[in-house]
Amino acid sequence: MNPFVKTFLASAALVHRQLVVFTANDGEVAPAASATGKIAGVVDQPGGAASGGRVDVVLFGPAEVVAGGTIAAGDFITADADGNAVVAAPAAAVNNVVAGRTLAKAVDGDIVKAFINPGSVQGAA
């Protein structure tokens, strides 16, 4: 399966394999920085992009992301403060926006295969 990729403008410097969020401006993305932002997908552009530059983003399908902590295969992932993938672990009755699920295990700093399919999960009571 090929990923669904769209080109956006970068509102700030972006790094390859970084999670990004939609901004208030149409056609623009910014680095993801929390589990509550509107995650668009993951940067798929070796070398990244400068602020104001064009950047390819995987919106749906297989992609690679940088792990920001320990992740097991099948975990739902969201963004940490650096736009890296971390396990979505919301508290009871709290929602987390997710980028998708991992396809393999990883530890902090690893590049991990994931299936990008943005959505949300709610913590169990």
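Relevant structure appears above.
For the structure given in this document, a descriptive report is provided here.

Thresholds, definitions, all that
Residues numbered from 1 in each chain as written. Predicted model: local features only at pLDDT ≥ 70, side-chain atom pairs only at ≥ 80, totals over all residues. Heavy atoms only, no water. Helix = DSSP H or I, 4+ residues; strand = E, 2+ residues; numbered from the N terminus. Buried < 20%, exposed > 50% of the residue type's maximum accessible area, 1.4 Å probe, protein only. Contact = heavy atoms within 4.5 Å. Lys, Arg positive; Asp, Glu negative; His and termini not counted. Charge placed at Lys NZ, Arg CZ, Asp CG, Glu CD. Salt bridge = Lys/Arg side-chain N within 4 Å of Asp/Glu carboxyl O.

What to know about the overall build of the protein
Turning to step 1, where the next piece is worked out: The secondary structure content of the protein amounts to zero helices and nine strands.
Turning to step 2, where the next piece is worked out: Counting from the amino terminus, helix and strand elements in the protein follow one another as β-β-β-β-β-β-β-β-β.
Turning to step 3, where the next piece is worked out: When its C-alpha atoms are laid out on the principal axes, the protein stretches across 40 × 30 × 25 Å.
Turning to step 4, where the next piece is worked out: By residue count, 43% of the 125 residues in the protein fall in the buried class.
Turning to step 5, where the next piece is worked out: Restricting the contact set of the protein to residue pairs at least 6 apart, pairs at least 24 apart contribute 56%.
Turning to step 6, where the next piece is worked out: Between the mean site of the 7 positive side-chain charges and the mean site of the 10 negative ones, the protein shows a separation of 6 Å.

A few points about unusual backbone geometry
Turning to step 1, where the next piece is worked out: One non-glycine residue, R17, lies in positive phi territory at about 75°.
Turning to step 2, where the next piece is worked out: Here R17 is to be found in the loop between β1 (4–10) and β2 (19–22).
Turning to step 3, where the next piece is worked out: Judged by relative accessible area, which is 22%, R17 ranks as partly exposed.
Turning to step 4, where the next piece is worked out: Even without being glycine, A93 reaches a positive phi, approximately 65°.
Turning to step 5, where the next piece is worked out: Take A93: it is sitting in the loop between β7 (85–87) and β8 (95–102).

Let's talk about the pattern of salt bridges
Turning to step 1, where the next piece is worked out: Applying the stated rule across the entire model yields two salt bridges.
Turning to step 2, where the next piece is worked out: Among the ionic pairs, K113 bridges to E64, the shortest N-O distance being 3.7 Å. Of this pair, K113 sits in strand β9 (residues 111–122) while E64 sits in strand β5 (residues 54–66), and the two are 49 residues apart along the sequence.

Details of the side chain of N96
Turning to step 1, where the next piece is worked out: Mapped onto the secondary structure, N96 falls in strand β8.
Turning to step 2, where the next piece is worked out: Residue classification places N96 among the buried residues on the basis of a relative accessible area of 9%.
Turning to step 3, where the next piece is worked out: Setting aside residues no more than four positions away along its own chain, N96 makes contact with A35, T78, A88, A89, P90, G119, S120 and V121.

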